[in-house]
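Residue-level structural notes
Listed below are the residues making up each chain.
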Amino acid sequence: MNTGSPDWGLVLEFLCEETPWSRIPRTEEAVLFVCGHYDPAVPAHAARLWDRIGWRKTRVIVSGGITARSRPHIPAEFVTEAAYYAYLMETAGVPAEMLVVEEGAGNTLENVRWGLDAFWEKHNIMPNPTIVCAVPFLLRRTLATFRKWCPEIEVFGSAYFLPNDWLTRARKERVLGE
């Protein structure tokens with residue numbers, strides 16, 4: 001039995017259940033679902049993906065309240081993760097009218113359920129298919145939550161690349177804690 005440190009590339013590859021670009025739906029019905037966090041790379045990636053899909057009618061759900069972990073990392077003028085991410089996405093070129101912002105969720109299940117509720121309230125349809133954008137090491141968990149609670153929605157995962165220097169000791173502990 002190996003008692004040394006884990007193969008971090010393998011761990012992150014497992015946790016980041018990313019759908020290959022060739023399988024990402026590029027239809028007018030596709031919706032991006034952006035899970036809140038404090039890492040600005042998430043909304044930057046989602047905005048690039050929105051642009052790359054090419055449909056100017058692609059809607060985006062941004063879901064996330066505020067947590068003790070995220071508060072120190074989000075500029076003070078933003079009350080929630082979702083407000084911060086919506087601002088960054090608008091700055092990157094995603095029109096505000098394409099965004100559905102849910103600002104109460106405090107965990108992955110609430111992101112999924114409350115984000116979908118907010119989308120339903122605004123559009124009176126369920127987002128199908130849905131492309132989920134999240135912090136890479138949280139992507140598999142988010143997709144699993146979608147599949148458990150919303151099996152009728154076809155979900156796909158998309159995450160940004162993590163550079164080698166991203167894995168600090170604190171982040172390794174966080175990843176293993178997930």
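Before any of the text, the structure's been laid out above.
As the structure is a computational prediction, the values presented were derived from the model and not from experiment.

Criteria and thresholds
- Residues numbered from 1 in each chain as written.
- Predicted model: local features only at pLDDT ≥ 70, side-chain atom pairs only at ≥ 80, totals over all residues.
- Heavy atoms only, no water.
- Axes fitted to C-alpha atoms, helices over the stretch in contact; angles between N-to-C directions.
- Helix = DSSP H or I, 4+ residues; strand = E, 2+ residues; numbered from the N terminus.
- Parallel < 35°, antiparallel > 145°, perpendicular 65-115°, else oblique.
- Left-handed = near helix turned anticlockwise from the far one by under 90°.
- Contact = heavy atoms within 4.5 Å.
- Nonpolar A, V, L, I, M, F, W, Y, C, P; charged D, E, K, R; others polar.
- Pairing = 2+ DSSP bridges.
- Buried < 20%, exposed > 50% of the residue type's maximum accessible area, 1.4 Å probe, protein only.
- Phe/Tyr/Trp six-rings, centres within 6.5 Å; stacked < 30°, edge-to-face > 60°.

1. Observations concerning the packing of helix α4 (residues 108-123) against helix α5 (residues 139-149)
- One way to put it is that α4 packs onto α5 with a least axis distance of 9 Å and a crossing angle of 55°. Of the possible angle classes, the one that applies to α4 and α5 is oblique. Seen along the crossing, α4 lies across α5 with a hand that is right-handed. Touching Thr108, Leu109, Val112, Arg113 and Leu116 of α4 are Arg141, Thr142, Thr145, Phe146 and Trp149, all from α5.
- Classifying every residue of the contact of α4 with α5 by side-chain character gives five nonpolar, three polar and two charged.

2. Section: the sheet that holds strand β4 (residues 130-133)
- Taken in spatial order, the five strands make up an open sheet running β3-β2-β1-β4-β5, and their pairing is parallel. Here the strands that pair on one side only, and so sit at the sheet edges, are β3 (99-102) and β5 (155-158). Across the sheet, the mean angle from the axis of one strand to that of its neighbour is 20°, orientation sign disregarded.
- Pairing of strand β2 (residues 59-63) with β3, which is carried by four bridges, proceeds in the parallel orientation. Note on β3: the bridge partner recorded for valine 60 is leucine 99.
- In this fold α5 packs onto β1 (31-35), β4 and β5, with an angle of close to 170° to the strand it touches most, β5.

3. Quick look at the pairing of β2
- With five of five residues buried, β2 is to be regarded as a mostly interior element.
- Every second residue of β2 is oriented toward a common face, with Arg59, Ile61 and Ser63 on one face and Val60 and Val62 on the other, all of them buried.
- Of the pairings in the sheet, the one linking β1 to β2 comprises five bridges and is parallel in character. Across the sheet, phenylalanine 33 pairs through a bridge with isoleucine 61, a residue of β2.

4. Examining the packing of aromatic side chains
- Counted under the stated rule, the structure contains four aromatic pairs.
- Ring geometry for phenylalanine 78 and tyrosine 84: centres 5.4 Å apart, planes at 50°, overall tilted.
- Judged by its relative accessible area of 9%, tyrosine 84 is buried.
- For the pair tyrosine 84 and tyrosine 85, a centre-to-centre distance of 6.0 Å together with 40° between the ring planes defines the contact as tilted. Across this residue pair, the class does not change: tyrosine 84 and tyrosine 85 are buried.
- In this structure an aromatic cluster arises from ring pairing among Phe78, Tyr84, Tyr85 and Tyr87.

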